[in-house]
Amino acid sequence: SQQGEEDPQALSIQEGENATMNCSYKTSINNLQWYRQNSGRGLVHLILIRSNEREKHSGRLRVTLDTSKKSSSLLITASRAADTASYFCATDQGSGGSNYKLTFGKGTLLTVNP
Amino acid sequence: GAGVSQSPSNKVTEKGKDVELRCDPISGHTALYWYRQSLGQGLEFLIYFQGNSAPDKSGLPSDRFSAERTGGSVSTLTIQRTQQEDSAVYLCASSLGSWPGGYTFGSGTRLTVV
């Protein structure tokens, strides 16, 4: 498996419910980021969490990071139909690597039904 | 401009032809990245430019791929003798510096080789 793998691969929920997506990675990291992609085109940066942080909030988004388990989760609360998109986690390498080179997972396709 | 601009948005080419994809980064962003996304896959790193430093070309899949960045701004990704496996969305991103505080992506160029 590759660095930055999300699960589930696909998630379908009703509007108003919470959506949780997980990301696992293999090597040490400097930071982990989450991106959103609509319709297979450009990605939008959502949130960045550094390796020394455990939790971060931004609006309806909550990200956690557990470096001991090499995993992160993205929680979207009170989901809306407009949240329908693919969500990717991206990591950069820890010391000795090229920290500008982000490694992306294959993403979670979230569908929010009205 | 306000965002990262890529052109063309779609390109259909015959196998064996050369193609050029263009990226206009955000003004003032010194770092520029090219990624490739095949259908249903995550993003694959291709190349990274930072200021006047030598680019990191370690992600280019073959010598048919090349990229340049003129004047620290516009970048062109060239694929020579295109093959069907080159079909993908090519995404360009830029950021303020080498530390990935979050990339700003363009909308991508969808390349189809027939």
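Residues numbered from 1 in each chain as written. Chains lettered and ligands numbered in written order. Predicted model: local features only at pLDDT ≥ 70, side-chain atom pairs only at ≥ 80, totals over all residues. Heavy atoms only, no water.

Turning to the overall build of chain A, a few remarks are in order. When you go through chain A residue by residue, the secondary structure sums to zero helices and 11 strands. Element order for chain A, N to C, with α for helix and β for strand: β-β-β-β-β-β-β-β-β-β-β. Its C-alpha atoms give chain A a radius of gyration of 14 Å, within 12% of the compact-globule value 13 Å for 114 residues. Taken over the C-alpha atoms alone, chain A extends approximately 45 × 25 × 20 Å along its principal axes. By residue count, 45% of the 114 residues in chain A fall in the buried class. Summing over all exposed atoms, chain A offers an accessible surface of approximately 5200 Å²; the carbon and sulfur share of this is 45%. Positive and negative side-chain charges of chain A, numbering 13 and 10 respectively, have mean locations separated by a distance of 5 Å. (Helix = DSSP H or I, 4+ residues; strand = E, 2+ residues; numbered from the N terminus. Rg over C-alpha atoms; globule rule 2.2 N^0.38 Å. Buried < 20%, exposed > 50% of the residue type's maximum accessible area, 1.4 Å probe, protein only. Areas by Shrake-Rupley, 256 points an atom, 1.4 Å probe, with all protein chains shown as cover. Lys, Arg positive; Asp, Glu negative; His and termini not counted. Charge placed at Lys NZ, Arg CZ, Asp CG, Glu CD.)

Looking now at the nonpolar core. With 21 residues, the main nonpolar core has M21, L32, W34, L74, I76, Y87 and L110 of chain A as its most contacted residues. Once residues lying within four places of it in the same chain are set aside, the contact partners of M21 of chain A are D7, W34, S72, S73, L74, I76, Y87, T108 and L110 of chain A. Counting 20 residues, the second largest nonpolar core, distinct from the first, contains L21, L32, L46 and I47 of chain B. (Core = buried A, V, L, I, M, F, W, Y, C linked by side-chain atoms within 4.5 Å. Contact = heavy atoms within 4.5 Å.)

Our next topic: the sheet that holds strand β1 (residues 5-7) of chain B. Residue and element names in this part refer to chain B. Strand order in the open sheet formed by four strands is β1-β3-β7-β6, with antiparallel pairing between adjacent strands. With one partner strand each, in any of the chains shown, β1 and β6 (65-69) form the two edges of the open sheet. Along the sheet, successive strands turn relative to each other by an average axial angle of 15°, direction set aside. Where strand β3 (residues 19-24) lies against strand β7 (residues 75-79), five bridges are found, and the strand directions are antiparallel. (Pairing = 2+ DSSP bridges. Axes fitted to C-alpha atoms, helices over the stretch in contact; angles between N-to-C directions.)

Moving on: the state of the cysteines. Evaluated as defined, the whole model comprises two disulfides over all chains. Each disulfide pairs two cysteine sulfurs, and for C23 of chain A the partner residue is C89 of chain A, the sulfurs being separated by 2.0 Å. Classification of the bridge connecting C23 of chain A and C89 of chain A rests on its S-S torsion, roughly 65°, and on that basis the disulfide is right-handed. Here the residue C23 of chain A occupies a position in strand β3 (residues 19-24), and C89 of chain A occupies one in strand β9 (residues 85-93), the gap between them amounting to 66 residues. Taking relative accessible area as the criterion, C89 of chain A reaches 0% and is therefore assigned buried. A disulfide bridge connects C23 of chain B with C92 of chain B, and the sulfur atoms are separated by 1.9 Å. (Disulfide = S-S within 2.5 Å.)

Now for the interface of chain B and chain A. It is common to report an interface's size as the accessible area lost on association of the parts. With 26 residues of chain B in contact, the opposing surface of chain A contributes 23 residues. Taken over both partners, the interface formed by chain B and chain A buries close to 1900 Å², and the fraction arising from carbon and sulfur atoms is 52%. Counting across the interface, chain B meets chain A through zero salt bridges. Counting across the interface, chain B meets chain A through three residue pairs in polar contact (both at pLDDT 80 or more). Elements supplying a minimum of two residues to the side of chain B that touches chain A: β4 (31-37), β5 (43-50), β8 (88-95) and β10 (109-113) of chain B. (Buried area = accessible area lost by both parts, 1.4 Å probe. Salt bridge = Lys/Arg side-chain N within 4 Å of Asp/Glu carboxyl O. Polar contact = N/O pair within 3.5 Å; in protein donor to acceptor, adjacent residues only side chain to side chain.)

Residues and elements named next belong to chain B. Locating R69 in the fold gives a position in strand β6. A relative accessible area of 13% means that R69 is categorised as buried. Here the alpha-carbon distance between R69 and F49, two residues 20 residues apart in the chain, equals 7.5 Å. There is a polar contact of 3.1 Å between the side chain of R69 and the backbone oxygen of H29. A polar side-chain atom of R69 sits 2.9 Å from the main-chain carbonyl oxygen of S73.

Following D7 of chain A, the chain continues to P8 of chain A via a peptide bond in cis, the omega torsion being 0°. The backbone of K70 of chain A shows a phi angle near 50°, a positive value even though the residue is not glycine. Tracing the backbone through its elements, the reader meets K70 of chain A in the loop between β7 (61-66) and β8 (71-76). The exposure class assigned to K70 of chain A is partly exposed, which follows from its relative accessible area of 29%. Positioned with a positive phi, R81 of chain B is a non-glycine residue whose angle comes to about 45°. Tracing the chain through its elements places R81 of chain B in the loop between β7 and β8. Judged by relative accessible area, which is 42%, R81 of chain B ranks as partly exposed.

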